[in-house]
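Per-entry structural report
Residue-level listing of the chains:
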Amino acid sequence: MRHGFDRLTRSRALYDVRFRLVFLPLKYLVYFFIPHSRIRFTREGAWFFFMTLGVGIAAINTGIGLLYLMVAMMLSFIIVSGVLSELSLMMLRVKRGLPGEVHAHQAFFMTFQIQNCKRLFPSFSVHIIDRSGAWEGGVEPEGYFLKIPAGGSAAVQCLAMMPRRGHHHLNRVVVRTEYPFGFFIKEADYDYEQELLVYPALGNILDGSLVDALDGMSRSPRRDRTRHELEEFHALR
């Protein structure tokens, strides 16, 4: 009986090792070949790309081996930048935490939480922005994560402001990164449906008559009730 239990334990451990060695790399490769993000050059990245193109043309025209080496190094920087930035954005889960009471035209704090579902790779330099249409005319919440550990999570508080009262539908969260060299900006959209109730804006009372009336009521002398009034309950004897 003991021998059979040991064989079962070893077979499960062997299956777990095979799963990590075979299926996890295939999962990452499938994610890379299916587009999940948008990419665009930064100003520095555009300059670096055109410099690489110029050095490559010079290497072809002159045939100097050192120029070919420089082109290979510059292209490797571009490739590594694309791979690492994609690793930072892949397999993330986004959550939005809202306060219990929100008033229009009044700043409040909300929370963004990102869970990194990757087992091996952390995520670095991640920006998060709520791009729902309800924030138009107000302050969009935006946060920054320096590092999200592999298999862990991180949270950040963001300042926001709603321009209008009423029910608002929040749906679109954008996660982006410029990691590691700042050559590209990669963005990924996450759908997180949530409803937010915004109360009317708070303001000061400009008319002093109401304040004076309340102050006069508080200062009015208190009249003791008679025995006849004490015996009555809502005009019922």
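Presented here is an overview of the structure given in this document. (Residues numbered from 1 in each chain as written. Predicted model: local features only at pLDDT ≥ 70, side-chain atom pairs only at ≥ 80, totals over all residues. Heavy atoms only, no water.)

1. Some thoughts on the overall build of the chain
Quick reminder of the rule: Strands are runs of DSSP state E lasting at least 2 residues, helices are runs of H or I lasting at least 4, and numbering of each runs from the N terminus. Each residue gets one of three labels from its accessible area relative to the maximum for its type: buried under 20%, exposed over 50%, partly exposed in between, using a 1.4 Å probe on protein chains only. What makes two residues a contact is simply this: any of their non-hydrogen atoms within 4.5 Å.
In terms of regular secondary structure, the chain is built from 5 helices and 9 strands. Along the chain, from the amino end to the carboxyl end, the secondary structure elements read α-β-α-α-β-β-β-β-β-β-β-β-α-α. Within the chain, the fraction of its 237 residues that count as buried is 31%. The long-range share in the chain, meaning contacts at least 24 apart out of those at least 6 apart in sequence, stands at 69%.

2. So, the side chain of S123
The condition is simple: Each polar contact in these results corresponds to two N or O atoms within 3.5 Å; when the atoms are within protein, one needs to be able to donate a hydrogen and the other to accept it, and residues that are neighboring in sequence are counted only if both atoms are side-chain atoms.
Its location among the elements puts S123 in strand β5 (residues 123-130). Separated by 2.8 Å, the side chain of S123 and the backbone oxygen of S88 make a polar contact. Not counting residues within four places of it along the chain, the set of residues in contact with S123 comprises L87, S88, L92, N116, K118, L146, K147 and I148.

3. Things to note about the packing of aromatic side chains
Counted only if it meets this: For this analysis, a ring pair means two rings from Phe, Tyr or Trp (six-membered ring only for Trp) whose centres lie within 6.5 Å, classed as stacked if their planes differ by under 30 degrees, edge-to-face if by over 60, and tilted for the remaining angles.
Counted under the stated rule, the structure contains 9 aromatic pairs. Relative to F184, the ring of F41 has its centre 5.1 Å away and its plane inclined at 40°; by these criteria the two rings are tilted. Residue F41 is located in strand β1 (residues 38-41), and its partner F184 is located in strand β9 (residues 184-199); the two are separated by 143 residues in the primary sequence. You can call F184 buried: its relative accessible area is 9%. Here the aromatic cluster, defined as three or more aromatic residues joined through ring pairs, consists of F41, F49, F50 and F184.

4. Some remarks on helix α3 (residues 65-89)
Since there are 3.6 residues in each turn of an α-helix, residues three or four apart along the chain are aligned in direction. Spelled out, the test is: Multiplying 1.5 Å by the helix residue count minus one yields the expected span of that helix.
Between its first and last C-alpha atoms α3 spans 37 Å; for 25 residues at 1.5 Å apiece the expected length is 36 Å, and the two agree. One or two residues past the end of α3 sits M91, with phi positive at roughly 55°.

5. Notes on helix α2 (residues 43-62)
Between the first and last C-alpha of α2 there are 29 Å, a value that for 20 residues agrees with the 28 Å anticipated at 1.5 Å per step. Of the surrounding elements, those touching the buried residues of α2 are β1 and α3. Where α2 ends, the next residue or the one after it, G63, has phi of about 75°, a positive value.

6. Concerning a nonpolar patch on the surface
Put simply, the rule is: Residues enter patches when they are more than 30% accessible in relative terms and free of salt bridges; like-charged ones are connected within 9 Å and nonpolar ones (Val, Leu, Ile, Met, Phe, Trp, Tyr) within 5 Å. In this description, accessible areas are obtained by the Shrake-Rupley approach with a 1.4 Å probe, and a residue is regarded as covered only by the protein chains that are shown. Salt bridges, as used here, are contacts in which a Lys or Arg side-chain nitrogen is within 4 Å of a carboxyl oxygen on Asp or Glu.
Together, F41, F49, F50, L53 and I57 line one region of the surface with nonpolar side chains, adding up to about 490 Å² of accessible area. Take the nonpolar patch: its biggest share by element is 4 residues, from α2.

7. Remarks on the sheet that holds strand β4 (residues 108-116)
Where we set the bar: We call two strands paired when DSSP finds no fewer than two bridges between them. Lines fitted to C-alpha atoms define the axes here, with helix axes fitted over just the stretch in contact, and angles between the N-to-C directions of these axes take values from 0 to 180 degrees.
Strand order in the open sheet formed by 3 strands is β2-β4-β7, and the pairing between neighbours is antiparallel. At either end of the open sheet lies a strand with only one pairing partner, and these are β2 (92-97) and β7 (153-160). Ignoring which end each strand starts from, the neighbouring axes of this sheet average 20° apart. By the bridge criterion, 6 bridges tie β2 to β4 in an arrangement that is antiparallel. Residue pairing in the sheet places L92 in a bridge with N116 of β4.

8. Side note on the pattern of salt bridges
Considering all chains together, one arrives at 8 salt bridges under this definition. E142 is the salt-bridge partner of R176, the closest N and O atoms lying 3.9 Å from each other. Here R176, found in strand β8 (residues 166-177), pairs with E142, found in strand β6 (residues 142-148); they are 34 residues apart in sequence, far enough to count as distant. Since its relative accessible area comes to 42%, E142 is described here as partly exposed. The closest approach of N and O atoms between D189 and R172, which form a salt bridge, is 3.6 Å. Here D189, found in strand β9, pairs with R172, found in strand β8; they are 17 residues apart in sequence, far enough to count as distant. Bridged by salt links that share partners, the residues R38, R40, R172, E187 and D189 form one connected network.

9. Considering the packing of α2 against α3
To keep it simple, the criterion reads: Orientation is classified from the angle alone, with under 35 degrees giving roughly parallel, over 145 giving roughly antiparallel, 65 to 115 giving roughly perpendicular, and any other angle giving oblique. In this scheme the handedness of a crossing depends on how the near helix is turned from the far one: anticlockwise by less than a right angle means left-handed, clockwise means right-handed. Ten residues, namely Ala, Val, Leu, Ile, Met, Phe, Trp, Tyr, Cys and Pro, are considered nonpolar, four, namely Asp, Glu, Lys and Arg, are considered charged, and the remaining ones, Gly among them, are considered polar.
Where α2 contacts α3, the two axes come as close as 9 Å, and the packing angle between them is 155°. As judged from the angle between their axes, α2 and α3 are roughly antiparallel. Judged by the sense of rotation from one axis to the other, the crossing of α2 with α3 is left-handed. Between α2, through F48, F49, M51, T52, V55, G56, A58, A59, I60 and T62, and α3, the contact on the second element is made entirely by L67, Y68, M70, V71, M74, L75, F77 and I78. Of the residues contributing to the contact of α2 with α3, the split by class is 15 nonpolar, 3 polar and no charged.

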